[in-house]
Amino acid sequence: MVTVRGHRLRLWLCLAVTLAVVTGVRLMPLAISTDDDPASVATARETTFRGDDGRDHVYLGDLDSYLWLRHARNLWRAGSPCDEIVQGTCRDTLAAAPVGMTSLYAESLHPRAIARLHQLMVALRPGLPLEVSAFLVPVVVGLLGALPPFFIARRLAGTVLAGPCAALIAALHPSVLTRTYGSDDDIWNVVLPLYACWALLLALRATTWTRRGMAVVLASAAMALQVWVWRGWLFAEVVLLGGLTAAAVTPWLGLRRDRPQGGRLHGFATVVVIAVAFFVLTGLMATVVAPDASFVTFPLQVWRILLTASPAASAAVWPSAFGSVGELAPLTPSDVILRMGGHGVMLCGLLGLAVLWWPVPARGDVSGTERVCAAASLSAWFVGAFVLGTLAQRYLFLMAAPLGVGCGVLAGRFAVVVSTAASTMGRGPGRAARALLSLILMLALLHPLTLSLRAADAYAPAMTDAWWDTLVQLRDGTPADTIVHTWWDFGHWAKYVAERRVTADGSVLGTHIPFWLAKALAAPTDDESAGVLRMLACGSDATPLPEGQRGALGRLVAAGKPEIEAYHLLLSLVSLPRAQADTALASAGIPADARAAVLDATHCARSPQYLVLTTQMTARRDAWLTLGQAAPLALPSSTPPPALDGDADASVPFVPTWFPCSAGPDGQMVCAIRVTFGRRGPFLQRFEFRDGRAQEGELRYSEGQATALRSSPGVTLDAGGAPGVPHPDSRLPGVGI
């Protein structure tokens, strides 16, 4: 017979082992390789640096890591994460050079956590680099994040054996490690919702209003911190409120066999009070820690958008830089399953969540209200994260928490069944059954732990000596007003290490800046390339942000030019000398005062400029080259175009999307379209052409039962502005490519 003391000893032993494993795996990237393999030695030499403490350290690895690092350094140096505060707005003066921009996340929790931990670490080890403290923040937060899944799964499964399984999968899933090893702030988006969920379950379990109130305050505090950290906090809020709603209504729907304590009405009222208190307290706390988060108004804004008609279209559709962001690439459901550990791991997680819905308490003291809330919240969390993962692979890390708890619950329920059966056996067979159970659970954990260890071992910093030394040379050898042009991926690096203004970084992806930078890289002449870079350095083009009005395009639009006409005019004059550019503007009907303003944003007295390129861009050549060869498109007027083939009620759609083309055999280019033309077809499959002769290309399409049709389009247009080529014999006269 196992005593209470034995249960507690086993609990704390399992927890200690779990935390030790989590800590060890999370610290693996800090280890400097001592292998004799020349490749390993070279990699270790290129990715380490000597700190002020006299020791070698591994570079902080990711791209956005240096955004948080710079905010933390500002805090450390000046007491504020902002470069400057203008009219109460935090500004990043090194981004979107030369105009700067509002810094959305500078005052969030993550840089403050880095600065505070660094304050503690340098007290213990003087000279420790800030980069090391930044790396340790996800280690500490991730370690604390192992506690909620451990205790949630232990309670819902009815055995301590469920805890390690849940905690190790949730805290060490490869999707979490790869998103957080570089000290990105996503670790908070894993841990804080887990704490809020754990606290709400404690509130539902509590038997007094004092304990319920304390638990709700803890849940609200965790959620308020989540609001402070991430603008996507609404996902966790909806998931948790959905779980509380399910717990409140299921007794009235006859979906639970147990009777809530005090009756259905009392149980309903208790859950409603907890839910309302959670929402209100979260809003109040969020207003204190993140006054700009709009906790209360943001859901109303989302609801208003869903209920109202589509907003009026802008004058043009510009090529988007988001297509060059690898982490935003969509995934197929099969890819999601594979990246989350494969069919076995996903099946275990789903079965564990399904078991929670089974209307039989896991233990005698787990109420149906608590169980249903956990089942609904975790199931919605899992499904929502799965859907988000198919839209953009960066969101896969959100699935780790419900997946881990589901696997832990399944393992725990299995352990309870085996232990119950073993208790009816003799002493010897019972011990053998329990030993076999422990072996099975360890083997079950072997696969996900192996995936975690592989992810940790494969992680290598993107920052290297070559990058660091180059940027240090820029910092030490250039004037303070120097502007650095580099692809947006590396903009945060240049701002942190070189401490110079940059035209592009990850903060400007929603603007025109990456498009113009790609245009400079893909320009057919050096004069055009230099002209575009000079334009960016003079006034940038941060449209649609307010800073966009200070750029040449914004000034041309303010002078009355339509956006597309302004773009083509701007592209034609950036490569001209200032006098000739002034003449071109006058010929276009731009008044003298407006001409001077435009030329100040295209042909200014230049600050020193440096273009920093890297061989790393060759692997992404298709992304930036496609972006640079594109052009904005004018949206059609509201008047519908002529109908197809006399079909009076069929409209011809305008598709404001650039379709990528891939090279096939024998010089063939294949451009996948997959768009239905009009309301009842045809379905355009792809456009094919050879040897660069797009004017001679053909459309592959299907219509009705015919699935292998081909035809020239009605007209082929050149996005660069060349005259279109009509095809009178086309079977699709209303289609233009």
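For the structure itself, look to the data block above.
These numbers were taken from a predicted model, which means no experiment stands behind them. (Residues numbered from 1 in each chain as written. Predicted model: local features only at pLDDT ≥ 70, side-chain atom pairs only at ≥ 80, totals over all residues. Heavy atoms only, no water.)

Draft legend 1. Representation of the overall build of the protein chain within the structure. Counting its secondary structure elements, the protein chain contains 27 helices and 18 strands. Here the protein chain, with 737 residues, has 50% of them falling under the buried criterion. Long-range pairs, those at least 24 residues apart, make up 66% of the contacts in the protein chain between residues at least 6 apart in sequence. In the structure as shown, the protein chain presents an accessible area of about 34500 Å², 61% of it carried by carbon and sulfur atoms. (Helix = DSSP H or I, 4+ residues; strand = E, 2+ residues; numbered from the N terminus. Buried < 20%, exposed > 50% of the residue type's maximum accessible area, 1.4 Å probe, protein only. Contact = heavy atoms within 4.5 Å. Areas by Shrake-Rupley, 256 points an atom, 1.4 Å probe, with all protein chains shown as cover.)

Draft legend 2. Spotlight on the sheet that holds strand β8 (residues 501–502). Taking strand neighbours across the sheet as the criterion, the 3 strands line up as β8-β7-β9 in an open arrangement whose pairing is parallel. Each of the sheet's edge strands pairs with one partner strand only, and the pair in question is β8 and β9 (609–612). Strand direction decides the pairing type here: strand β7 (residues 483–486) and β8, joined by 2 bridges, are parallel. Residue V484 lies in a different strand from β8, and its bridge partner there is V502. (Pairing = 2+ DSSP bridges.)

Draft legend 3. The sheet that holds strand β3 (residues 84–86), seen in detail. Strand order in the open sheet formed by 3 strands is β3-β4-β5, and the pairing between neighbours is antiparallel. The two strands at the open ends of the sheet, each matched to only one other strand, are β3 and β5 (101–102). Here 3 bridges tie β3 to strand β4 (residues 89–92), and the two strands are oriented antiparallel to one another. Counted as the bridge partner of E84 is R91 from β4.

Draft legend 4. Representation of helix α10 (residues 209–229). Spanning 21 residues, α10 covers 30 Å between terminal C-alpha atoms, matching the ideal 30 Å at 1.5 Å per step. Turning to α10, its buried residues are R212, A215, V216, A219, S220, A222, M223, A224, Q226, V227, W228 and V229. For α10, the elements touching its buried residues are α4 (109–124), α9 (186–205), α11 (234–249) and α12 (264–289). (Expected span 1.5 Å × (residues − 1).)

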